[in-house]
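If you want the building blocks of each chain, they are given just below.
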Amino acid sequence: MVKKFILQWHLSEICNLKCKHCYQSDHKPIQLHYEELLEILNQYRELLKKLNMKGHINLTGGEPLCCPFFFRILDEFKKDSDLYSFSILTNGTLINDQMAKRISEYNPEYVQVSLEGGKKINDYVRGKGVYKQVANAIKCLKKYNIFVSISFTATKLNYKEFPKVIKYAEKYKVDNVWSDRFIPLGTEYDKEFVMNLEQTREFLAIMENERQKLKLKKSQTNIAMYRALQFQMTNDFPYQCTAGISLLTIMENGDLVPCRRMPIVVGNLLKENMYKLYVNSPILKKLREENIPNDCQKCEHAELCKGGLKCLTYALFGDLNHKDIGCNL
């Protein structure tokens, strides 16, 4: 049963970094006015009430802390704490003690920072000095009792670095580490980053091995493995992509898409209504259908897995009727 309707909200494309695998790397930064952002938030409030659901908002960017209206939006969130929770997805480089203290006053469910491996690989992907800045951010956030999660984007370049990320997480008492695979962008870095079947299987085994080691140590750090195909290693409940079902994404210009990694524009919220788009959009209706790829029809997990990572399939093939390239079943 769906517990919350999640909104991934890109407040702007303004960012202080230029990561090699960034989904917004080729875009000119866009920043909506505060009144436009407030109108979008009102549409989300309307959608939740009409669907009779609680919600959760992931604030991201670009770098959300670069948005000039960031704390004004958080002030609005305070009014709706019974309707939806929220989290902040940040690169971590702008978080100091003062910023962490201020964020804590709004009671986020968690703050997520990104790390791509050990110092050498991370700073190759994200920029010189970022590895150290992220550590400082985590220390500041933990000081104010904020739940901290690390996001690791698994690529051909860095997937073997995952144990280094776990060691880092334990050192700084991070609460949670999760990972998903890189989605190709049509850039020069695709060949360097996209994992094949064998690499995906090896990576999932590395994740599960690290998870078991943490359990044996009774570490406070958890590795979340509820993502596409990870159940093949964990024997846990299969993950199903919720894009278009109980997940929508708002881009920095007001475009509504199922997911940032599945950039199919449904409509623009400066001109159209979120609830009406959710109910009537042919794209979203298709995603809500029993959409199982032909190659997966006979699999015992088909009804739950639905073919794996939909955004990866769409990026590689231009449609959804394909088995996840990382699946070995």
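Everything discussed here concerns the structure shown above.
Computed from a predicted structure; not experimentally measured.

A.B. asks: Can you help me understand the overall build of the protein in this one?
C.D. replies: Counting its regular elements, the protein contains 13 helices and ten strands. Over its C-alpha trace the protein gives a radius of gyration of 19 Å, about what one expects of a compact globule, namely 20 Å for 329 residues. Each of the three principal axes of the protein carries a C-alpha extent, and together these read 50 × 50 × 40 Å. The long-range fraction of contacts in the protein, counting pairs at least 24 apart against all pairs at least 6 apart in sequence, stands at 71%. Summing over all exposed atoms, the protein offers an accessible surface of approximately 15500 Å²; the carbon and sulfur share of this is 51%.

A.B. asks: Would you mind going over unusual backbone geometry with me for this structure?
C.D. replies: Apart from glycine, the bulk of residues carry a negative phi angle, and the bulk of peptide bonds sit in the trans form. The omega torsion across Gly61 and Gly62 is 25 degrees, close enough to zero to call that bond cis. Not every positive phi belongs to a glycine, and Lys218 is a case in point at roughly 55 degrees. As for its placement among the helices and strands, Lys218 is situated in the loop between helix H8 (197-217) and strand E7 (222-224). Under the relative-accessibility criterion, Lys218 is labelled exposed at 76%. Even without being a glycine, Asn235 presents a positive backbone phi close to 60 degrees. By the element assignment, Asn235 lies in the loop between helix H9 (231-234) and strand E8 (247-250).

A.B. asks: Before we go on, may I ask you to explain a nonpolar patch on the surface in this structure?
C.D. replies: On the surface, Tyr226, Phe237 and Leu304 cluster together to form a nonpolar patch covering roughly 320 Å² of accessible area. Residue position: Tyr226 is located in the loop between E7 and H9.

A.B. asks: Where do I start with the packing of helix H6 (residues 162-171) against H8 in this structure?
C.D. replies: Each packed pair of helices is defined by two parameters, the angle between the axes and the distance between the axes. Look at H6 against H8: their axes get within 10 Å of each other, and the N-to-C directions meet at 30 degrees. Compared by their axis directions, H6 and H8 come out roughly parallel. By crossing handedness, the relation of H6 to H8 is classed as right-handed. Residues Phe162, Pro163, Ile166 and Glu170 of H6 form the contact with H8, whose own contacting residues are Phe203, Ile206, Met207, Glu210, Leu214 and Lys217. When its residues are assigned to classes, the contact of H6 with H8 shows seven nonpolar, no polar and three charged.

A.B. asks: Explanation requested: empty space enclosed by the protein in the structure shown.
C.D. replies: It is a probe the size of a water molecule, rolled over the atoms, that shows where empty space is left. Throughout the structure, instances matching the rule amount to one cavity of 30 Å³ or more. In this structure, the largest cavity encloses a volume near 50 Å³. Around the largest cavity, the lining residues are Ala154, Arg181, Phe182, Phe193, Val194, Met195, Thr200, Leu312 and Ile325. Counted by class, the lining of the largest cavity contains seven nonpolar, one polar and one charged residues.

Cut-offs used in this document
- Residues numbered from 1 in each chain as written.
- Predicted model: local features only at pLDDT ≥ 70, side-chain atom pairs only at ≥ 80, totals over all residues.
- Heavy atoms only, no water.
- Helix = DSSP H or I, 4+ residues; strand = E, 2+ residues; numbered from the N terminus.
- Rg over C-alpha atoms; globule rule 2.2 N^0.38 Å.
- Contact = heavy atoms within 4.5 Å.
- Areas by Shrake-Rupley, 256 points an atom, 1.4 Å probe, with all protein chains shown as cover.
- Buried < 20%, exposed > 50% of the residue type's maximum accessible area, 1.4 Å probe, protein only.
- Patch = residues over 30% accessible without salt bridge, like charges linked within 9 Å, V, L, I, M, F, W, Y side chains within 5 Å.
- Salt bridge = Lys/Arg side-chain N within 4 Å of Asp/Glu carboxyl O.
- Axes fitted to C-alpha atoms, helices over the stretch in contact; angles between N-to-C directions.
- Parallel < 35°, antiparallel > 145°, perpendicular 65-115°, else oblique.
- Left-handed = near helix turned anticlockwise from the far one by under 90°.
- Nonpolar A, V, L, I, M, F, W, Y, C, P; charged D, E, K, R; others polar.
- 1 Å grid on protein atoms, 1.4 Å probe; cavity = no way out; pocket = protein on both sides within 12 Å on 5 of 7 lines; lining within 4 Å.
- Points joined across faces, edges and corners; volume = space filled by probe spheres on them.

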